[in-house]
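An overview of the molecular structure
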Amino acid sequence: MKQFRLRYVASMVLAAVMVVTGCSSGGTETESGGGQSGGQQVTLSMHSWRVEDTEGYKAIIKAFEADNPNIKIDFKPFKATEYNTILNTALQSDSGPDILQLRPYAPGITLAEAGHLEPLDNVPGISTIPKDVLAAATGKDGKVYGVPLSLNSTQFYYNKKIFEQNGLQAPKSWDELIATAKTLKEKGIVPISFGAKEGWLLSLSHGVIAPASYNGTDYLDKLLKGESDLKSAEFLQSVQRMQALIPYFPENYVGLELNDMRTLFATEKAAMFINGSFELEGIKKLNPDLPLDFFPMPTDDGKQVLTTWVDGSYAVNAKSKHKAEALKFMEFMATKKFGELFANQFKRISAVPGVSTDDPLVNKMAELSQTSATPYLMVVNFAEGKPTTKQTLENALQGMYLGKLIPEQVVEEVQKSAATWFPPFKK
């Protein structure tokens, strides 16, 4: 296992070096008789972890370039699981992209603290974005380092036709969820499209399941004050429930990754799919006629809850040779025009206020995010540490699904990680 990890890290570093040799924070310049300045045309490099968004960004970038003909954007996405390594290596060698997609909360703020990012407080329009949204890209120095893209939610997607054909409705409690899954399994239908190969999908799924165990209690408040911890009965129950769902996963779930899970659900071979609002576009691309809906997580106090957080933002490399042009794109991102393009291209909730979409499911998510939201705990509050507590949970859940750990050992590992850095645990 250690040899495998070393080979993997080596391959990621090699990939990063290859990327570094192919791009520069300086972008490129060519003589141009057009453009707003009537001078040189600048090409900005723009990196992202959203390979699946490539076509959508072409349309967005085209709109920006139409208004700024002296600026061209070279959008280059990387696989999400490799992006952090590639980006960090490039930034440390002073050859990162001009514009970079920034992970929300602690991981992105860490880059700001290292001096890699340009403050954006003076970007026109950024002040219209609510402070609680900007918080995902605000450093400990109080400065804003990214223009947030969207408000994400994560939930159970389900196939309405399969549910109707089997006399089922969206469950209103944990027991109803299990009963629904049992009925589907008895009918020979895979109840939940799920895979354990990619760790981030495990913390994402846990982010849906966990609040059912503590919503309506004071656990979250006590946890964030250090008056409770991650070995509590509530958090343990959330991991036990992740384990209890195993009989309703595909037989080979341990080896499945996101593409497998999405395909299984979109091709109507599975009835439910736990994932984020960012998956909506991908599902619909695979099957535009899929009878799709979603339900928030039913909680133990008889309510429902939607796990939400601010997704990534875009930032400017502090060492870009074309900061003025990169900041012009940041200004564009803070406009309602961008928000509407983004929301309708990607079927997601824009971080720009006052933007609605032409998709009823996105609007439903937006409404629930205002009335029934709870934070994605591992992203918003526990994304620090080396490795992060979020990563520790992911690794421990993978261990559980491989039969190497029991839930009590999972929470022990998670608490041990958080205790090394989470300030309320160090009082």
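Thresholds applied
- Residues numbered from 1 in each chain as written.
- Predicted model: local features only at pLDDT ≥ 70, side-chain atom pairs only at ≥ 80, totals over all residues.
- Heavy atoms only, no water.
- Helix = DSSP H or I, 4+ residues; strand = E, 2+ residues; numbered from the N terminus.
- Rg over C-alpha atoms; globule rule 2.2 N^0.38 Å.
- Contact = heavy atoms within 4.5 Å.
- Areas by Shrake-Rupley, 256 points an atom, 1.4 Å probe, with all protein chains shown as cover.
- Lys, Arg positive; Asp, Glu negative; His and termini not counted.
- Charge placed at Lys NZ, Arg CZ, Asp CG, Glu CD.
- Domains from an automatic or database assignment.
- Buried area = accessible area lost by both parts, 1.4 Å probe.
- Salt bridge = Lys/Arg side-chain N within 4 Å of Asp/Glu carboxyl O.
- Axes fitted to C-alpha atoms, helices over the stretch in contact; angles between N-to-C directions.
- Parallel < 35°, antiparallel > 145°, perpendicular 65-115°, else oblique.
- Left-handed = near helix turned anticlockwise from the far one by under 90°.
- Nonpolar A, V, L, I, M, F, W, Y, C, P; charged D, E, K, R; others polar.
- Buried < 20%, exposed > 50% of the residue type's maximum accessible area, 1.4 Å probe, protein only.
- Phe/Tyr/Trp six-rings, centres within 6.5 Å; stacked < 30°, edge-to-face > 60°.
- Lys NZ or Arg CZ within 6 Å of the ring centre and 35° of its normal.
- Core = buried A, V, L, I, M, F, W, Y, C linked by side-chain atoms within 4.5 Å.

On to the overall build of the protein chain. Per the secondary structure count, the protein chain includes 19 helices and 14 strands. A globule of 427 residues ought to have a C-alpha radius of gyration of about 22 Å, and the protein chain, at 22 Å, matches this closely. When the backbone C-alpha atoms are referred to their principal axes, the protein chain occupies close to 70 × 50 × 40 Å. Look at the contacts in the protein chain between residues 6 or more apart in sequence, and 75% of them connect residues 24 or more apart. About 18500 Å² of surface is accessible on the protein chain, with carbon and sulfur atoms providing 52% of the total. Within the protein chain, the 48 negative side-chain charges are centred at a point lying 3 Å from the centre of the 44 positive side-chain charges.

For the protein chain, the assigned domains are domain 1 (39–150 + 310–364) and domain 2 (152–309 + 372–426). Computed over C-alpha atoms, the centres of domain 1 and domain 2 are 28 Å apart. Each partner contributes to the interface: domain 1 provides 20 residues, whereas domain 2 provides 19 residues. Between domain 1 and domain 2, the buried area comes to about 1700 Å², and carbon and sulfur atoms account for 54% of it. When residues of domain 1 are sorted by the area they lose upon contact with domain 2, Tyr105, Leu361 and Lys364 head the list and together hold 30% of the total. Across the contact surface, domain 1 and domain 2 share two salt bridges. Where Asp359 meets Lys284, a salt bridge forms, and the shortest distance between an N and an O atom there is 2.4 Å.

This part covers the packing of helix H11 (residues 233–244) against helix H18 (residues 389–401). With their axes 11 Å apart at the nearest point, H11 and H18 run at an angle of 40° to one another. When the axes of H11 and H18 are compared, the pair comes out oblique. Seen from above, H11 lies across H18 with right-handed handedness. Every residue of H18 that contacts H11 at Val239, Met242 and Gln243 is listed here: Leu397, Met400 and Tyr401. Classifying every residue of the contact of H11 with H18 by side-chain character gives five nonpolar, one polar and no charged.

For the rest of this paragraph, the subject is helix H12 (residues 258–266). Of the residues making up H12, those classed as buried are Leu258, Met261, Arg262, Leu264, Phe265 and Ala266. Where the residues of H12 are buried, they touch strand E6 (150–159), strand E7 (190–193), helix H8 (199–209), strand E8 (270–276), helix H13 (280–286) and strand E9 (292–295). Positive phi shows up at Glu268, right after H12, with a value of about 65°.

The subject of this paragraph is the packing of aromatic side chains. The tally for this structure, following the rule as stated, stands at 30 aromatic pairs. Site record: aromatic cluster; members linked through ring pairs are Tyr57, Phe64, Phe75, Tyr314, Phe329, Phe332, Phe338, Phe342 and Phe346. The aromatic ring of Trp49 is capped on one face by Arg103, whose charged end is 3.9 Å from the ring centroid. Over the aromatic face of Phe294 sits the side chain of Lys364, whose NZ or CZ is 4.5 Å from the ring centroid.

So, about the nonpolar core. Counting 111 residues, the largest nonpolar core has Tyr57, Phe156, Leu230, Met330 and Phe382 as its most contacted members. Taken together, domain 1 (39–150 + 310–364) and domain 2 (152–309 + 372–426) each give at least three residues to this core, which thus spans both. Excluding its chain neighbours within four sequence positions, the residues that come into contact with Tyr57 are Met46, Phe75, Leu149, Tyr314, Phe342 and Phe346. Counting residues in each nonpolar core, the second largest holds 14 residues, with Phe78, Leu100, Ala137 and Tyr145 among its members.

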